[in-house]
Amino acid sequence: MNVHRATNVPPSSEQPAPTHDLFLAGRLRLRQTPRGHRAGTDAVLLAAAVTAERRGLVIDAGAGTGAVGLAAALRAATAEVALVEIDPEAAALARANIAENDATRVRLCEADLLSPASRRAAGIVDEAADLVLTNPPFLDPARSRVSPDPRRALAHVAAGGLEPWLRACLALLRPGGELALIHRADALTDCLAGLGARLGGLRILPVAPRAGEPATRILLRGVKGSKAPLALLAPLVLHEADGAFTREAEALARGDGSLPW
């Protein structure tokens, strides 16, 4: 994806200074720390789950510095967006990003997504969201090497596995609301197990680096309480054989395109 570095400030002796990165053809300016999780292609793809017609409350669960939620607000001109983030440093950058992008329909909720009490204290009401977007921590601590950097570990490791994270996301959704997530392709089984029968009408979109190559990501969308069957879609291919972005991927990077589901 076309994510451009606008400013690269040399780090101080104690803490690297945030960078300024441009998303959606420069319409979104994002401060990010060089440490911990950094938004990129996955955030752009997940935000593309939001169409211009989206109304109501959109929650970015595990928002980091706010890339997905802020992009969602740009895509849907009347939606209200809440960024839910637990890490204080990421939350501070998210707050700065809201101000820098003049995102008046976006609010930050500093809360532990997995704690109902913490969510309520931050003003997040269960079963109020029309759409929940999430890029869950990708790693299972039982099967992965955990980074010694506590912020990177917090962003990348799902304490207790994926199921509690997905259960919390579903708790935020109103009946009939939608969940959209992005994850590693090899985590599809865990995603389906974590969702159980609570989400129906599932649409699974594999994301492949190039045509003919195995998918490395899956995008998944479903409706809370739906009994509709699952659909496995044709892959979204990001790159041509020469390494250039496909027409579809380039449109998504600009914020012009929508996911083919």
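Residue indices begin from 1 for each chain and proceed along its sequence in written order. For a predicted model such as this one, the threshold for reporting local features is a pLDDT of at least 70, and the threshold for listing and counting side-chain atom pairs is 80 or more; totals across whole chains, interfaces and linings nevertheless cover every residue. Calculation of side-chain values draws on the structure's entire complement of heavy atoms; hydrogens and water are dropped beforehand.

Q: Would you mind going over the pairing of strand β7 (residues 129-134) with me for this structure?
A: A regular strand places its side chains on the two faces of the sheet in alternate fashion. Think of it in three bands: residues with accessible area under 20% of the maximum for their type are buried, residues over 50% are exposed, and the middle band is partly exposed, with areas taken using a 1.4 Å probe on protein chains only. Each helix corresponds to a stretch of at least 4 residues labelled H or I by DSSP, and each strand to a stretch of at least 2 residues labelled E; elements are numbered beginning at the N terminus. Counting buried positions along β7 yields six of six residues, so the element is predominantly enclosed. Where strand β4 (residues 57-61) lies against β7, four bridges are found, and the strand directions are parallel. Residue pairing in the sheet places Val58 in a bridge with Leu131 of β7. Strand pairing follows a simple DSSP-based rule, namely that at least 2 bridges must link the two strands. In this sheet, strand β8 (residues 173-184) lies alongside β7 in parallel orientation, the contact comprising five bridges. For Leu131, the partnering residue across the bridge sits in β8 and is Glu178.

Q: It is not clear to me how helix α2 (residues 67-75) should be interpreted in this structure. Could you clarify?
A: For an α-helix, the turn length of 3.6 residues means that residues three or four places apart are oriented alike. By the criterion of burial, α2 is predominantly enclosed, with eight of the nine residues buried. Considered for burial, the residues of α2 that qualify are Ala67, Val68, Gly69, Leu70, Ala71, Ala72, Ala73 and Arg75.

Q: Would you explain the side chain of Arg75 in this entry?
A: One can find Arg75 in helix α2. By definition, residues are in contact when any of their heavy atoms lie within 4.5 Å. When residues no more than four places from it in sequence are discounted, the contact partners of Arg75 are Ala47, Ala48, Val50, Thr51, Ala52, Leu252, Gly255, Asp256 and Gly257.

Q: Sorry if this is basic, but what is going on with the environment of Asp190 here?
A: Tracing the sequence through the fold places Asp190 in helix α7 (residues 188-195). Sequence separation between Asp190 and Leu162 is 28 residues, and the spatial gap between their C-alpha atoms is 7.0 Å.

Q: I tried to follow the environment of Glu240 on my own but got confused; where do I start?
A: Note on placement: Glu240 falls in the loop between β12 (236-239) and α8 (247-254). For Glu240, a relative accessible area of 39% translates into the label partly exposed. In the structure, Glu240 is positioned 31 residues away from Pro209 in sequence and 8.5 Å away in space, judged by C-alpha atoms. Not counting residues up to four positions away in its chain, the partners in contact with Glu240 are Arg210, Phe245, Thr246 and Arg247.

Q: Would you mind going over the pattern of salt bridges with me for this structure?
A: Any two side chains of opposite charge can pair, on the condition that their charged atoms come close. Salt bridges are defined by distance alone: a side-chain nitrogen of Lys or Arg within 4 Å of a carboxyl oxygen of Asp or Glu. Summed over the entire model, instances satisfying the criterion amount to 14 salt bridges. Between Arg217 and Asp42 there is a salt bridge, with the nearest N and O atoms lying 3.0 Å from each other. With Arg217 in strand β10 (residues 217-224) and Asp42 in helix α1 (residues 41-47), this residue pair connects regions lying 175 residues apart in the sequence.

Q: How should the nonpolar core be read in this particular structure?
A: One recurring pattern in soluble globular proteins is that nonpolar side chains are buried together. Nonpolar cores were defined as sets of buried Ala, Val, Leu, Ile, Met, Phe, Trp, Tyr and Cys residues, with membership established by side-chain atoms within 4.5 Å. In this structure, Leu45, Val106, Leu133, Leu219, Leu236 and Leu259 are the most contacted members of the largest nonpolar core, which totals 43 residues. Per element, the largest residue contribution to this core is six residues, and it comes from α2. Beyond its immediate chain neighbours, meaning those up to four positions away, Val106 contacts Leu70, Ala73, Val81, Leu83 and Ile98. Core analysis: the second largest hydrophobic core is formed by 28 residues, Cys109, Leu162, Trp165 and Ile204 among them.

Q: Would you explain the environment of Pro88 in this entry?
A: One can find Pro88 in helix α3 (residues 88-100). A relative accessible area of 57% places Pro88 in the exposed class. Considering only alpha carbons, one finds Pro88 and Ala111, 23 residues apart in sequence, at a separation of 9.6 Å.

Q: Just to check I follow, could you spell out unusual backbone geometry for this structure?
A: It is generally the case that most residues other than glycine have a negative phi and that most peptide bonds are trans. Of note, Leu24 is a non-glycine position whose phi angle comes to about 50°, a positive value. Along the polypeptide, Leu24 turns up in the loop between β2 (19-23) and β3 (28-32).

Q: Honestly, the side chain of Thr65 in this entry has me stumped. Any pointers?
A: Position of Thr65 among the secondary structure elements: in the loop between β4 and α2. Owing to a relative accessible area of 9%, Thr65 belongs among the buried residues under this scheme. Leave out the neighbours within four places in its chain, and Thr65 touches Leu30, Arg31, Gln32, Leu70, Ala90, Leu93, Ala94 and Asn97.

Q: What am I meant to see in the pairing of β8 here?
A: One ladder, built from seven bridges, connects β8 with β10; its direction is antiparallel. In the strand pairing of β10, Glu178 is matched with Val223.

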